[in-house]
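Tertiary structure, described
The lines below spell out each chain.
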Amino acid sequence: MDNSKVRSQGFEENTMALLDSSGIKDSRDIHDDRIAFLEAVRSSYLDCDSNRPPSWNMYDATFKMLRGSKSLELVIASFQLLTELNKKFPRTYLLNEVEYPDIFVNNEAWSPFVLGTEGIHVEGSKITTDLLDPAGFASLVDGIAQDFNHTGFELGIEPLQNMLLFQYLVEVLEADFITRQILYKESLNWILFRESMLNMLLGSRKIHHKNLVKTCMAIIIRRSYHQILEEDCKISTDEFNVPLATALKEVKRKMNIDMKKFLTLIMDLDLVRRHADSLGATSRFDGTRSSALEIILDELTYNIHDLSPFLMAFSEPKWKLEVILQYLSKYCMKASVRTRRANIPNEITVDSVLSNFSTTVNAKTIAKKISSGIFQMLLAHLFQACLSIQEDNCTDNSTKKIGNTLSEISKKFVFAIQNLRETEEGLEIVSFVKEALFTATLLAGKIGNDDMLIQ
């Protein structure tokens, strides 16, 4: 054994010894030892040029602190350490990125997930059950949803731990996914995603895919209804202190972003899977499941009161555009006709949808299916998604989904709102629609003539 390995083992033994609480009765001493452990791992693997990650035991001990500690300081510190270690020592990364890129997955590395097994990781002679299998992950999301149903968090530190744990897990899934996505664009090799952590998680029989997506939607909608209100983080003098309440407030603010990121990852995976299926690259081994887009559309169709809060919160432009286009196609587009030469339905675009509202007669006919107020809200969100895609200079299929220049889209949007107003006397234009309409009139060069539309 070389000297570096001997030194490494010696360091691990000394560092892990800090967690040995046998014979220590003072809880403060135990707490200080755990802080010292986290600082030792940080200084040895993050604050230096070390190219070797911490040992499996060090990772696992840090993860246990995040999940089980009752100390706010330990929970925050362990979360930050795990997050930074994930960035510096990813489990999945690219080799030879410039010339011949290939993927490398360190299957021996520690992971917070247990996928493809019975949910127990064996390290030497020890059995660890703190890691999350698919059922445990689904239970975590359900627990967060239940916490969000309370007007105030009065359950101690556990809600904070759950949200931070979810945030960390999403970052792990995202790092693995993005690496595979980069290589897939060149190779079109579906196996890259078949073996991804996200695909194995969602494909497990231990997880109910549809319920998971619906729960994610419920959390996003809940946060839209209650945008960081003070009562969301009420301070109970019996159970809370100011630092904990402050931490809860900040983490809840970030939670909505994390949940949208997770839902977007699922939708991106569905898109790749659909593309691989069109190439004949999938098989029975991949199983079947409804796409997240289909589940979202079904939920918003049956629960129309959730449309506005979901679209207000779900800000990812590419998928927001797709959700609205598919939703509006049920009411605006006639069924496409397939022929022997073309087995692909007509492409739905923003331009084609807006054309359905080009006259008052057409607008009135369509508005009868739901209401003019809902359609104006949908069109305003659709226009805002177009703006975001243009601002981001997207080069993917999203720009094709727009179907015309931004100037023409703006003109058609202005006319569509004008025609919808004429279908219902006294129709109120909410502030969000007014803002979109004001922007559209500017872009269309019609601000002088159509001033009356935004009054």
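Looking at an unreviewed UniProt entry, one finds the protein chain named Negative regulator of systemic acquired resistance (SNI1), with Rhynchospora pubera as its source organism.

A few words now on helix α3 (residues 56-68). In a regular helix each residue adds 1.5 Å, so 13 residues correspond to 18 Å; α3 covers 18 Å between its end C-alpha atoms and thus fits that length. Where α3 is concerned, the buried positions are Trp56, Met58, Tyr59, Asp60, Ala61, Thr62, Phe63, Met65 and Leu66.

The next thing to look at is the side chain of Asn199. Tracing the sequence through the fold places Asn199 in helix α8 (residues 197-202). The residues touching Asn199, leaving out its near neighbours within four places in the chain, are Trp190, Phe193, Arg194, Leu269, Arg273 and Arg289.

Okay, the packing of helix α18 (residues 406-421) against helix α19 (residues 431-443) next. The geometry of α18 relative to α19 is characterised by a closest axis approach of 8 Å and an angle of 130 degrees between their N-to-C directions. When the interaxial angle is binned, α18 and α19 end up oblique. For the pair α18 and α19, the crossing hand works out as left-handed. Where α18 abuts α19, its residues Leu406, Ser407, Ser410, Phe413, Val414 and Ile417 lie against Val433, Ala436, Leu437, Ala440, Thr441 and Leu443. Residues of the contact of α18 with α19, tallied by class, amount to nine nonpolar, three polar and no charged.

Below, the discussion takes up the packing of helix α5 (residues 134-148) against helix α6 (residues 158-187). Remark: α5 packs on α6, axes separated minimally by 10 Å, with the N-to-C direction vectors making an angle of 130 degrees. Between α5 and α6, the angle is such that the two are oblique. Crossing angle aside, the handedness with which α5 passes α6 is left-handed. Of α6, the residues touching α5 (which contributes Phe137, Leu140, Val141, Ile144, Asp147 and Phe148) are Pro159, Asn162, Met163, Leu165, Phe166 and Leu169. Class assignment for the residues of the contact of α5 with α6 results in 10 nonpolar, one polar and one charged.

Here we take up the packing of aromatic side chains. A full pass over the atoms with the stated rule returns 15 aromatic pairs. Judged by centre distance (6.1 Å) and plane angle (55 degrees), the rings of Phe113 and Phe137 are tilted. You can see Phe113 sitting in the loop between β2 (102-105) and β3 (121-123) and its partner Phe137 sitting in helix α5, a full 24 residues away along the chain. Here Phe113 falls in the buried class, since its relative accessible area comes to 6%. An aromatic cluster is built from Tyr59, Phe63, Trp110 and Tyr168, whose rings are joined through pairwise contacts.

Before going further, it helps to spend a moment on the environment of Leu66. If you trace the backbone, Leu66 turns up in helix α3. What makes Leu66 buried here is its relative accessible area of 0%. Expressed as a C-alpha distance, the spacing of Leu66 and Ala77, which sit 11 residues apart in the sequence, is 8.3 Å. Not counting the four nearest positions on each side in its chain, Leu66 is found in contact with Val75, Ser78, Phe79, Leu82, Gln161, Leu164 and Leu165.

Thresholds applied
The written sequence of each chain sets the order in which its residues are numbered from 1. In keeping with the predicted nature of the model, local features appear solely for residues at pLDDT of at least 70, side-chain atom pairs appear and are counted solely at 80 or more, and the whole-chain, interface and lining totals rest on all residues. Calculated side-chain values reflect all of the structure's heavy atoms, with hydrogen atoms and water omitted. Only DSSP runs of H or I with at least four residues qualify as helices, and only runs of E with at least two residues qualify as strands; both kinds are numbered from the N terminus onward. The length a helix should cover is 1.5 Å for every residue beyond the first. To sort residues, take the accessible area from a 1.4 Å probe on protein chains only and compare it with the maximum for the residue type: under 20% means buried, over 50% means exposed, and anything in between is partly exposed. Working rule for contacts: check all heavy atoms of both residues, and any pair within 4.5 Å makes them a contact. Each axis is a line fitted through C-alpha atoms, taken for helices only over the stretch in contact, and angles between the N-to-C directions span 0 to 180 degrees. Comment on the angle field: the value is read as roughly parallel under 35 degrees, roughly antiparallel over 145, roughly perpendicular from 65 to 115, and oblique elsewhere. A crossing counts as left-handed when the near helix is turned anticlockwise from the far one by less than a right angle, and as right-handed when that turn is clockwise. Under this grouping Gly is polar, as are all residues other than the nonpolar Ala, Val, Leu, Ile, Met, Phe, Trp, Tyr, Cys and Pro and the charged Asp, Glu, Lys and Arg. Pairing of aromatic rings covers Phe, Tyr and Trp, the last counted by its six-membered ring, and requires centre-to-centre distances within 6.5 Å; plane angles under 30 degrees mean stacked, over 60 mean edge-to-face, and any other angle means tilted.

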